[in-house]
Amino acid sequence: FINEGQISKVFNKIVADLDSNNWEKIEPGRQERWVTKHLVRPVVKNTLNNIGESRLILSSDGEVQPKQINRFSMTFSPDLDITFLNQRCISFEVKLLRDNDASGSMTKAIGQSIMYHELGYSYSLCLLFDCRSKINASLVEFVHKKQYSNNRVKLRLY
């Protein structure tokens with residue numbers, strides 16, 4: 001069992017490392033699975049290696065899939081997750097905001113992130129990548145100020 005204080009430290013370090021990462025521009029046509037596997041997962045894996053947390057298991061879309069959660073006759077599965085044995089530690093939802101349905105993608109990702117926390121993850125991180133032709137600078141500030149469930153669900157926009 002990993003206690004909440006330990007998970008909190010890992011979560012905050014991952015958030016800081018993701019925030020300080022110099023993200024490459026996402027090519028048109030790239031899918032969320034590609035972004036998860038080639039951009040987000042390596043940063044999270046590197047953070048876990050750097051802090052020496054070999055007890056934690058990183059699963060992700062495009063690799064070993066996170067274990068599905070079956071509730072309410074539905075299945076839920078984050079894009080990435082960090083677990084310790086059967087303990088759900090951190091979930092990650094990755095969404096690309098595109099010109100055709102940015103608001104739908106954003107609200108779905110926020111809802112999914114909150115849902116993962118409610119379904120047992122100690123912490124949940126919603127990662128939004130703005131791939132629209134016109135980026136709104138005030139959206140970054142808006143998103144980064146948001147947190148839910150006593151700061152256990154955070155949003156980030158890149």
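Model, not experiment: these values are computed from the prediction.

Each value, and the rule that gives it
- Residue positions are given per chain, counting from 1 as you read along its sequence in written order.
- Per-residue local features are limited, in this predicted model, to residues with pLDDT of at least 70; the limit for side-chain atom pairs, both in listing and counting, is 80 or more; totals at the level of whole chains, interfaces and linings are taken over all residues.
- As a rule here, side-chain values cover all heavy atoms of the structure and leave hydrogens and water aside.
- Per the convention used, a helix needs a DSSP run of H or I reaching at least four residues, while a strand needs a run of E reaching at least two, with both numbered from the N terminus.
- Only C-alpha atoms enter the radius of gyration; for comparison, a globular chain is expected to reach 2.2 Å times N to the power 0.38, where N is the number of residues.
- Burial classes: relative accessible area under 20% of the type maximum marks a residue as buried, over 50% as exposed, and values in between as partly exposed (1.4 Å probe, protein chains only).
- Note on contacts: a residue pair is in contact if any heavy atoms of the two residues lie within 4.5 Å.
- Accessible areas in this description were obtained via Shrake-Rupley with a 1.4 Å probe; residue shielding takes into account the shown protein chains only.
- Positive charges come from Lys and Arg alone, negative charges from Asp and Glu alone, with His and the N- and C-terminal ends not counted.
- By convention, the point assigned to a charge is CZ for Arg, NZ for Lys, CD for Glu and CG for Asp.
- By this rule, a helix spans an expected 1.5 Å times one less than how many residues it contains.

Draft legend 1. The overall build of the chain, seen in detail. In terms of helices and strands, the chain carries four helices and eight strands. A globule of 158 residues ought to have a C-alpha radius of gyration of about 15 Å, and the chain, at 15 Å, matches this closely. Taking all 158 residues of the chain together, 47% fall into the buried category. Within the chain, contacts between residues separated by at least 24 positions form 64% of all contacts whose residues are at least 6 apart in sequence. Carbon and sulfur atoms form 49% of the exposed surface of the chain, whose accessible area is close to 8500 Å². Across the chain, the 22 positively charged side chains and the 17 negatively charged ones have centroids separated by 3 Å.

Draft legend 2. Layout of helix 3 (residues 102-118). Helix length check: helix 3 (17 residues) gives 24 Å between terminal C-alpha atoms against 24 Å at 1.5 Å per residue, within 8%. In this fold, the buried residues of helix 3 make contact with strand 3 (74-76), strand 5 (87-97), strand 6 (123-130), helix 4 (137-145), strand 7 (147-148) and strand 8 (153-157). Just beyond helix 3, the residue with positive phi is G120, at close to 125°.

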